[in-house]
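Letter by letter, the chains look like this.
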Amino acid sequence: MVRRTPVLSSRTISDATGSRVVLKAENLQRTGSFKLRGALAKLAALGERSSAGVLTGSAGNHAQALAYAARARDVPCEVFMPTTAAIGKSEAAAALGATVRLVGANVYDCVAAARERADESGMTLVHPFDDPDVVAGQGTIGLELLEDVDDLAAVVVPVGGGGLASGVAIAVKSQRPEVKIIGVQAEACAPVAASLRTGEPVVAGDALTIADGLAVKRPAEFTLGLMRRWLDDVVVASEDEIAEAMVLLLERAKLVVEGAGAVGVAALLAGRVRVPERGTTVTVLSGGNVDAGLLASIARRHETEAGRRLVVLTRVDDRPGMLARLLALVAERGANLVEVSHVREGIDLHVRETAIELVLETRSRQHAREVLGGIADAGYEARVLR
């Protein structure tokens, strides 16, 4: 039932890093992430012991994967997810037949609630990462890479609880010990690097991150030990870097990738990973389950940062024809009007004036400057809001 996901080339990322980089597209996996591999491996290992049902705590991807695996084996499934979980992820788990319970602020709280429920119900807890069978299932990605990439030199892999990174590292380095395995965390919630330095799990504070699938406050001792042995390094990527990586993958590779899946690309583009001069570097796109609203927000932010989206506040005389004159001026300069609104409150205006907020699409930063210059030359006071 697991799909063998493709390895896709990326000239954009390769050119940016000066080395050949390819993408392991686990965002195209069934249920939208690599998590199905571990869930199926665990249920296969449990066999008839799963008949009473299975449950888990998860930010969303493991919840969907376990629900899918449980439905395939016709066993009950309950998933505990944070109250802030992505709506699309919770709805997807429910659509697959799982009973969804929203509890706590993070994966750590959800796993604790699931463990308590397992003790009282007789159902089996399937931990999202702290389990040898789950780690082994995730390791099948590494086996596929060994077969599909002849000159494999490095693998850049997202790190949350460490199940994916551990499984891939063990599978690859057991056969090719010279291959570098680099883990990447979201900077907003990155306890693994600190835990590796201290030798024991470090608890991170609650953090809001677009890489919600990696927001694990405390790594497990089991996976921490594996990462200490098998990983070559762990680096971080900032929220802005992750957002830009998501947009790049959407625009250039035509791939929808969630924040947790884009951290490897983000780290590569930011120069956080030293790419081998020879051979191929693979970055694992671990998932693609992102809410459309968040993706739209990130895309709009990128358009603004790139100078292709402009919000301008100006003022005109409050009499017929003045707004039409302003809009005609914008059109003459080749800008596309997305939205226009009158602003009459919260701003110092003459009694016969009105403020106008324009949302414009422009071709580039230079074009945006030309549009603003044209507005100013016509006698309008224009203030860029964002």
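Remember, it's a predicted structure, so these values are computed and weren't measured experimentally. (Residues numbered from 1 in each chain as written. Predicted model: local features only at pLDDT ≥ 70, side-chain atom pairs only at ≥ 80, totals over all residues. Heavy atoms only, no water.)

Q: Got a sec to walk through the overall build of the protein chain? Specific residues and values, please.
A: Each helix and strand counted, the protein chain has 15 helices and 14 strands in total. Along the three orthogonal principal directions, the C-alpha set of the protein chain runs to about 80 × 50 × 40 Å. Within the span of the protein chain, comprising 386 residues, buried residues form 52% of the whole. Considering only intrachain contacts with a sequence separation of at least 6, the fraction spanning at least 24 residues in the protein chain is 72%. When the accessible surface of the protein chain is split by element, carbon and sulfur atoms take 48% of a total near 16900 Å². The centroid of the 44 positive side-chain charges in the protein chain is displaced by 3 Å from the centroid of its 48 negative side-chain charges. (Helix = DSSP H or I, 4+ residues; strand = E, 2+ residues; numbered from the N terminus. Buried < 20%, exposed > 50% of the residue type's maximum accessible area, 1.4 Å probe, protein only. Contact = heavy atoms within 4.5 Å. Areas by Shrake-Rupley, 256 points an atom, 1.4 Å probe, with all protein chains shown as cover. Lys, Arg positive; Asp, Glu negative; His and termini not counted. Charge placed at Lys NZ, Arg CZ, Asp CG, Glu CD.)

Q: Can you lay out the packing of helix α9 (residues 191-198) against helix α10 (residues 221-230) for me, pointing to particular residues and giving the numbers?
A: At a closest axis distance of 10 Å, the pairing of α9 and α10 adopts a crossing angle of 75°. Classed by the angle they form, the pair α9 and α10 counts as roughly perpendicular. Contacts between α9 and α10 pair Val-192, Ser-195 and Leu-196 from the former with Leu-224, Met-227 and Arg-228 from the latter. Its residues assigned to classes, the contact of α9 with α10 shows four nonpolar, one polar and one charged. (Axes fitted to C-alpha atoms, helices over the stretch in contact; angles between N-to-C directions. Parallel < 35°, antiparallel > 145°, perpendicular 65-115°, else oblique. Nonpolar A, V, L, I, M, F, W, Y, C, P; charged D, E, K, R; others polar.)

Q: So what about the packing of helix α2 (residues 35-46) against helix α3 (residues 61-73)? Which residues, and what values?
A: Running from N to C, α2 and α3 point in directions that differ by 40°, and their axes come no closer than 8 Å. For the element pair α2 / α3, the angle class is oblique. α2 and α3 meet at a crossing whose hand is right-handed. Contact residues: α2 offers Lys-35, Leu-36, Ala-39, Leu-40, Leu-43 and Ala-44, while α3 offers Asn-61, His-62, Ala-65, Leu-66, Tyr-68, Ala-69, Ala-70 and Arg-73. Here the contact of α2 with α3 is composed, by residue class, of 10 nonpolar, two polar and two charged. (Left-handed = near helix turned anticlockwise from the far one by under 90°.)

Q: Residue-level account of the nonpolar core, with values.
A: In this structure, Ile-13, Ile-242, Met-246 and Leu-249 are the most contacted members of the largest nonpolar core, which totals 34 residues. Secondary structure elements with two or more residues in this core: β2 (20-25), β8 (180-186), β9 (233-237), α11 (239-252), α12 (259-269) and α13 (292-305). Contacts of Leu-249, omitting those with residues within four sequence positions, involve Ile-13, Leu-23, Lys-254, Leu-255, Val-257, Ala-262, Val-265 and Leu-285. (Core = buried A, V, L, I, M, F, W, Y, C linked by side-chain atoms within 4.5 Å.)

Q: Which residues make up the sheet that holds strand β13 (residues 353-361), and what values do they have?
A: One open sheet holds the four strands; their spatial order is β12-β13-β11-β14, and the pairing between them is antiparallel. Where the open sheet ends on each side, the last strands, each with one partner, are β12 (336-343) and β14 (383-384). As judged from the nine bridges shared by strand β11 (residues 309-317) and β13, these two strands associate in the antiparallel manner. In the strand pairing of β13, Val-311 is matched with Val-359. Against the sheet, helix α14 (residues 322-332) makes contact with β11, β12 and β13, and its axis sits at roughly 25° relative to β13, the strand it touches most. (Pairing = 2+ DSSP bridges.)

Q: For the sheet that holds strand β3 (residues 54-57), give the residues involved together with the corresponding values.
A: Pairing is parallel in the open sheet, where four strands are placed in the order β5-β4-β3-β6. Both edges of this open sheet fall to β5 (99-102) and β6 (124-125), since each of them pairs with a single strand only. With four bridges joining them, β3 and strand β4 (residues 77-81) adopt parallel strand pairing. Bridging across to β4, Thr-56 finds its partner in Val-79.

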